[in-house]
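Below are the chains, spelled out letter by letter.
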Number of protein chains: 2
Amino acid sequence: MPSDDLENPNRPLTLKDVSEASGVSEMTVSRVLRNRGDVSEATREKVLEAAKSLGYVPNKIAGALASQRVNLVTVIIPSLKNLVFPEVLSGISEVLDDTPLQPVVGVTNYKPEREEKVLYEMLSWRPSGVIIAGLEHSDASRAMLTAAGIPIVEIMDSDGEPIDAMVGISHRRAGREMARAIVDAGYRKIGFLGTKMPLDHRARKRFEGFTEALAKAGLEIHDHEFYEGGSALLKGREMTEAILKRSPDLDFLYYSNDMIAAGGLLYCRDNGIEVPGRVGLAGFNGVELLDGLPVKLATMDACRAEIGREAAKIVAARAAGEEGGHERVVLTPTLQLGETLKR
Amino acid sequence: MPSDDLENPNRPLTLKDVSEASGVSEMTVSRVLRNRGDVSEATREKVLEAAKSLGYVPNKIAGALASQRVNLVTVIIPSLKNLVFPEVLSGISEVLDDTPLQPVVGVTNYKPEREEKVLYEMLSWRPSGVIIAGLEHSDASRAMLTAAGIPIVEIMDSDGEPIDAMVGISHRRAGREMARAIVDAGYRKIGFLGTKMPLDHRARKRFEGFTEALAKAGLEIHDHEFYEGGSALLKGREMTEAILKRSPDLDFLYYSNDMIAAGGLLYCRDNGIEVPGRVGLAGFNGVELLDGLPVKLATMDACRAEIGREAAKIVAARAAGEEGGHERVVLTPTLQLGETLKR
DNA sequence: TTGAAAGCGCTAACAG
DNA sequence: CTGTTAGCGCTTTCAA
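Residues numbered from 1 in each chain as written. Chains lettered and ligands numbered in written order. Predicted model: local features only at pLDDT ≥ 70, side-chain atom pairs only at ≥ 80, totals over all residues. Heavy atoms only, no water.

Per an unreviewed UniProt entry, chain A goes by the name LacI family DNA-binding transcriptional regulator and belongs to Psychromarinibacter sediminicola.

Quick look at the structure:
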């Protein structure tokens with residue numbers, strides 16, 4: 001029991017308590033607990049036993065202040081409800097698990113002002129690095145990131161200029177490639193179905209790349225449909241119904257994500273609309289869910305886990321003291337034609 | 001620019017820098033930045049401007065050490081890939097957003113030893129509270145939680161004794177209720193399909209409650225199928241095919257989660273197996289995904305967001321100084337019969 | 001191999 | 001309303 005527990009009987013234990021319990025100086029106790037420097041086996045054991053029996057948990061706050069070192073890596077993503085981000089996170093964890101670093105997640109809900117706030121909160125803990133989704137940030141956010149003096153890795157997107165390092169794919173190119181594949185397959189009346197969210201820059205860039213490539217082939221989006229909130233699968237059904245009723249001559253539907261595409265696919269099957277004969281379908285992301293669908297959906301893998309891993313590697317390397325800066329990793333998503341895009 | 005930047009030109013700014021830049025004492029600067037105590041409008045503005053123009057970000061590490069206060073709430077969950085947990089998280093955020101508290105998430109991957117490690121790491125930052133999934137923890141984890149001297153809320157489950165507070169549903173009861181509904185509807189040859197994971201205690205308890213209620217009706221599980229890893233939707237399809245091939249006389253399939261149940265439903269529809277005529281189906285959770293399915297699946301709402309909100313409220317109340325301890329909130333999941341459980 | 005002293009950057013407590 | 005003083009619990013640095 002701590003010696004001066006007269007004051008506050010329920011106070012957390014400190015190094016001093018372990019020091020007194022083991023009869024070893026605080027400094028040596030600290031060394032043992034951190035495996036730093038040489039300590040004789042005898043004292044080491046004494047200390048370890050005392051710490052354990054007391055149930056001592058070191059105070060990282062004090063440690064961090066004294067050592068000016070924090071093994072936290074800030075990870076900022078727009079949402080957890082979109083499976084994509086948990087997958088990026090597992091890529092990150094996979095790599096950081098082999099290091100002393102620990103990821104700490106902040107969620108912005110796609111709102112720049114929230115991003116700013118979360119970033120501020122997180123940076124005030126002086127993390128060893130930041131991994132943040134997207135290349136678009138408010139001026140204030142950019143200023144904070146620039147001034148932080150730690151590795152900053154912007155992920156998911158490569159269409160733009162990063163503050164420091166960048167790991168992602170080109171969504172513009174992804175949109176272009178899909179457009180080309182669709183046109184090459186002979187489809188001509190193409191509809192687009194996507195999210196209304198004006199702040200999902202990656203979806204926007206895919207759309208831009210898509211229309212750009214269509215234009216090159218002398219085509220235009222023939223009709224479109226946007227949604228907001230709710231169950232993506234259900235929205236996919238509803239939007240598909242709406243767009244096909246309005247424009248029955250459409251021969252292809254490009255969805256901005258796999259979840260709504262899956263909804264569209266189920267709608268078509270339930271309503272005797274032949275895919276890909278009557279209408280072709282394609283989504284984006286390559287989510288695991290698709291494996292369970294009756295038909296393989298055309299999509300494009302967004303390299304989520306890989307992006308997480310590469311980003312984590314960059315942070316880990318620099319935290320370990322390696323020189324670096326402005327790394328650029330551009331991954332290439334693979335087009336999977338599936339069974340919903342062909343003639 | 002900081003005055004003593006000769007030493008380290010890229011050092012993060014401190015209160016002292018703001019103090020010097022504004023000509024106000026460190027203490028008053030601190031007061032302004034925290035909105036504490038009375039400060040004249042004049043000095044307040046001077047300080048704010050200096051802080052802003054320098055781009056000062058307070059060091060929470062030092063602040064926390066000095067004030068012995070950390071507005072972090074540790075949230076420990078088994079996984080992020082199961083949509084259930086992000087939903088709990090949003091319930092938590094919803095409530096904490098109106099407080100100075102901030103959630104910090106740790107993931108255990110359903111492994112007790114990982115839980116122990118994550119818990120240790122998190123507790124060493126001296127958070128204001130812990131929200132942790134489940135009532136089953138290793139001895140070491142229990143010891144840490146007990147010794148932490150902060151509010152501990154165990155969530156999701158109410159079948160057991162919490163260390164401190166508890167917010168959840170009874171999974172045993174959920175299993176019993178579903179069994180009763182199935183038996184009442186006239187089904188007799190019942191199959192169970194679930195996860196192999198022996199450490200998903202809540203799934204286990206539902207299973208136990210389920211078989212218990214069947215027994216009371218003089219019935220037994222007629223066949224079962226377990227899976228591990230992979231796409232849940234796909235596994236649902238595969239398991240359903242396997243179990244129906246092996247035991248064609250089954251008239252009901254109870255799945256341990258909605259995702260595999262959805263896979264089963266799609267399988268049945270694709271293979272002309274009439275639901276609920278030929279075979280009835282039920283899942284568990286009430287995931288949003290179900291809204292997009294062709295047929296409404298029988299399920300049970302697990303009250304995820306509500307659980308998150310209640311847990312956060314308990315932590316927030318105690319962090320705000322309210323007395324408390326051993327709160328128990330037992331929510332009642334509602335059975336949704338849908339269209340896959342009836343005759 | 002061990003220990004003593006001096007902070008890390010901030011805030012509590014008190015004094016003006 | 002503002003400033004001074006003394007730590008918070010640990011690690012760095014230096015000396016023994």
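Additional details are given in the paragraphs that follow.
Chemist: Looking at this structure, I do not really get the overall build of chain A. What am I missing?
Modeler: Counting its regular elements, chain A contains 12 helices and 12 strands. Dimensions of chain A, computed from the C-alpha atoms along their principal axes, are close to 85 × 40 × 35 Å. Here chain A holds 343 residues, and the buried ones make up 53% of them. For chain A, long-range pairs separated by at least 24 residues make up 66% of all intrachain contacts whose partners lie at least 6 apart in sequence. Carbon and sulfur atoms make up 50% of the accessible area of chain A, which totals about 15000 Å². (Helix = DSSP H or I, 4+ residues; strand = E, 2+ residues; numbered from the N terminus. Buried < 20%, exposed > 50% of the residue type's maximum accessible area, 1.4 Å probe, protein only. Contact = heavy atoms within 4.5 Å. Areas by Shrake-Rupley, 256 points an atom, 1.4 Å probe, with all protein chains shown as cover.)

Chemist: Even after reading the chapter, I still don't get the protein's contact with DNA strand C, so can you show me in this structure?
Modeler: Near DNA strand C you find 24 residues, and of these Ser-25 and Arg-31 of chain A together with Leu-15, Ser-30 and Tyr-56 of chain B are the closest. Near-protein atoms of DNA strand C (within 4 Å) split between backbone and bases, with sugar and phosphate holding 68%. In the model, a base oxygen of DNA strand C is placed 3.2 Å from a nitrogen or oxygen of the Ala-66 of chain A main chain. At a separation of 3.5 Å, a phosphate oxygen of DNA strand C approaches a polar backbone atom of Asn-59 of chain B. Those elements giving two or more residues to the surface near DNA strand C turn out to be α2 (26–34) and α4 (60–67) of chain A together with α2 (26–34) and α4 (60–67) of chain B. Looking at which element gives the most residues to the surface near DNA strand C, the answer is α4 of chain B, with 4 residues. Here the residues of the surface near DNA strand C are counted per class, giving 10 nonpolar, 10 polar and 4 charged. (Near = heavy atom within 4 Å. Polar contact = N/O pair within 3.5 Å; in protein donor to acceptor, adjacent residues only side chain to side chain. Nonpolar A, V, L, I, M, F, W, Y, C, P; charged D, E, K, R; others polar.)

Chemist: I'm lost on the relation of the copies chain A and chain B in this one. Help?
Modeler: There are two copies of the chain, and a rotation about an axis plus a shift along that axis relates them. Once chain A is rotated about the relating axis by 180° and shifted along it by 0.1 Å, it coincides with chain B to within an RMSD of 0.1 Å. Considering both components of the superposition, the chain copies are consistent with a two-fold axis. Taking C-alpha positions as the reference, the residue of chain A nearest the rotation axis is Ile-61 of chain A, at 2.8 Å. A shared binding surface is used by both copies, with 100% of the interface residues of chain A retained as interface residues in chain B. (Least-squares fit on C-alpha atoms with pLDDT ≥ 70 in both.)

Chemist: What is the right way to look at the sheet that holds strand β8 (residues 252–255) of chain B in this model?
Modeler: Pairing between the strands of a sheet is mediated by backbone hydrogen bonds and can be parallel or antiparallel. Residues and elements named next belong to chain B. The strand order across the open sheet built from 4 strands is β7-β6-β8-β9, with neighbouring strands paired in parallel fashion. The sheet terminates laterally at β7 (221–227) and β9 (280–282), the two strands that pair on one side only. Direction aside, the axes of adjacent strands within the sheet are offset by 15° on average. As judged from the 6 bridges shared by strand β6 (residues 190–195) and β7, these two strands associate in the parallel manner. In the strand pairing of β7, Ile-190 is matched with Ile-221. (Pairing = 2+ DSSP bridges. Axes fitted to C-alpha atoms, helices over the stretch in contact; angles between N-to-C directions.)

Chemist: Explanation requested: the protein's contact with DNA strand D in the structure shown.
Modeler: Taken together, 24 residues lie around DNA strand D, and Leu-15, Met-27, Ser-30 and Tyr-56 of chain A together with Arg-31 of chain B are the ones closest in. For DNA strand D, the backbone portion of the atoms within 4 Å of the protein, that is sugar and phosphate, comes to 65%. In the model, a phosphate oxygen of DNA strand D is placed 2.8 Å from a nitrogen or oxygen of the Arg-69 of chain A side chain. Secondary-structure elements contributing two or more residues to the surface near DNA strand D are α2 and α4 of chain A together with α2 and α4 of chain B. A class-by-class count of the residues in the surface near DNA strand D yields 10 nonpolar, 10 polar and 4 charged.

Chemist: Any chance you could explain the pattern of salt bridges here in plain terms?
Modeler: Here the idea is simple: oppositely charged side chains can pair when their charged atoms come close. Enumeration over the complete set of coordinates arrives at 49 salt bridges over all chains. Residue Arg-114 of chain B is joined to Asp-97 of chain A by a salt bridge in which the shortest nitrogen-to-oxygen separation is 3.6 Å. Here Arg-114 of chain B is found in helix α6 (residues 112–123), whereas its partner Asp-97 of chain A is found in the loop between α5 (84–96) and β2 (102–107) on a different chain. In this structure, a network of salt bridges that share partners links the residues Glu-87, Asp-301 and Arg-304 of chain A. (Salt bridge = Lys/Arg side-chain N within 4 Å of Asp/Glu carboxyl O.)

Chemist: In this structure, what is going on with helix α10 (residues 232–246) of chain B? I would like to understand it.
Modeler: Helical geometry: 3.6 residues make up each α-helical turn, so side chains three or four residues apart lie on a common side. Taking 1.5 Å per residue as the helical rise, α10 of chain B with its 15 residues ought to reach 21 Å, and the 21 Å between its terminal C-alpha atoms agrees with that figure. Here α10 of chain B has its buried residues at Ala-232, Leu-233, Gly-236, Arg-237, Met-239, Thr-240, Ile-243 and Leu-244 of chain B. (Expected span 1.5 Å × (residues − 1).)

Chemist: Explain the interface of chain A and chain B to me, please; I cannot follow it from the model alone.
Modeler: Facing the 45 residues of chain A at the interface are 45 residues of chain B. Both faces combined, the contact of chain A with chain B buries some 4500 Å², and carbon together with sulfur accounts for 64% of it. Its largest share of buried area at the contact with chain B, chain A owes to Ile-61, Trp-125 and Arg-126 of chain A, together 16% of the area lost on that side. Our count for the contact surface shared by chain A and chain B stands at 6 salt bridges. Between Asp-270 of chain A and Arg-269 of chain B there is a salt bridge, with the nearest N and O atoms lying 3.1 Å from each other. Here chain A and chain B share 14 residue pairs in polar contact (both at pLDDT 80 or more) between them. Of all the elements in the fold, those that place two or more residues in the side of chain A that touches chain B are α4, α5, β2, α6 (112–123), α10 (232–246) and α11 (258–270) of chain A. The greatest single-element share of the side of chain A that touches chain B, amounting to 5 residues, is contributed by α4 of chain A. (Buried area = accessible area lost by both parts, 1.4 Å probe.)

Chemist: Honestly, the nonpolar core in this entry has me stumped. Any pointers?
Modeler: Of all hydrophobic cores here, the largest spans 69 residues; its most connected members are Ile-131, Val-153 and Ile-155 of chain A together with Ile-131, Val-153 and Ile-155 of chain B. Setting aside residues up to four positions removed in sequence, Ile-155 of chain B forms contacts with Val-88, Ile-131, Ile-132, Ala-133, Gly-134, Val-167, Ile-307 and Ala-311 of chain B. Counting 52 residues, the second largest nonpolar core, distinct from the first, contains Ala-232 and Leu-233 of chain A together with Ala-232 and Met-239 of chain B. (Core = buried A, V, L, I, M, F, W, Y, C linked by side-chain atoms within 4.5 Å.)

Chemist: I would appreciate a short explanation of the pairing of strand β3 (residues 129–133) of chain A in the present structure.
Modeler: In summary, the side chains of a regular strand alternate between the two faces of the sheet. All names here are of chain A. Among the 5 residues that make up β3, 5 are buried, leaving the element largely enclosed by the rest of the structure. Of the two faces of β3, the one lined by Gly-129, Ile-131 and Ala-133 and the one lined by Val-130 and Ile-132 are each fully buried. Judged from the 4 bridges that link them, strand β1 (residues 72–77) and β3 form a sheet pairing that is parallel. Directly across from Thr-74, in β3, lies its bridge partner Val-130. Across 4 bridges, the pairing between β3 and strand β4 (residues 152–157) is parallel.

Chemist: Just checking my understanding: could you explain the domain arrangement of chain A for this structure?
Modeler: How big an interface is tends to be expressed through the accessible area that disappears when the partners come together. Residue and element names in this part refer to chain A. Domain assignment breaks chain A into domain 1 (4–58), domain 2 (67–170 + 304–333) and domain 3 (171–301). Averaged C-alpha coordinates put domain 2 and domain 3 at centres separated by 30 Å. In this complex, domain 2 contributes 16 residues to the contact, which on the side of domain 3 involves 16 residues. Summed over both sides, the interface between domain 2 and domain 3 buries roughly 1500 Å², with carbon and sulfur atoms accounting for 52% of that surface. Our enumeration of links across domain 2 and domain 3 arrives at 3 salt bridges. In this structure, Lys-205 engages Asp-157 in a salt bridge whose closest nitrogen and oxygen atoms are separated by 2.5 Å. Across the contact surface, domain 2 and domain 3 share 12 residue pairs in polar contact (both at pLDDT 80 or more). At the level of elements, α5 and β4 are the ones that each hand at least two residues to the side of domain 2 that touches domain 3. Here the residues of the side of domain 2 that touches domain 3 are counted per class, giving 9 nonpolar, 3 polar and 4 charged. (Domains from an automatic or database assignment.)

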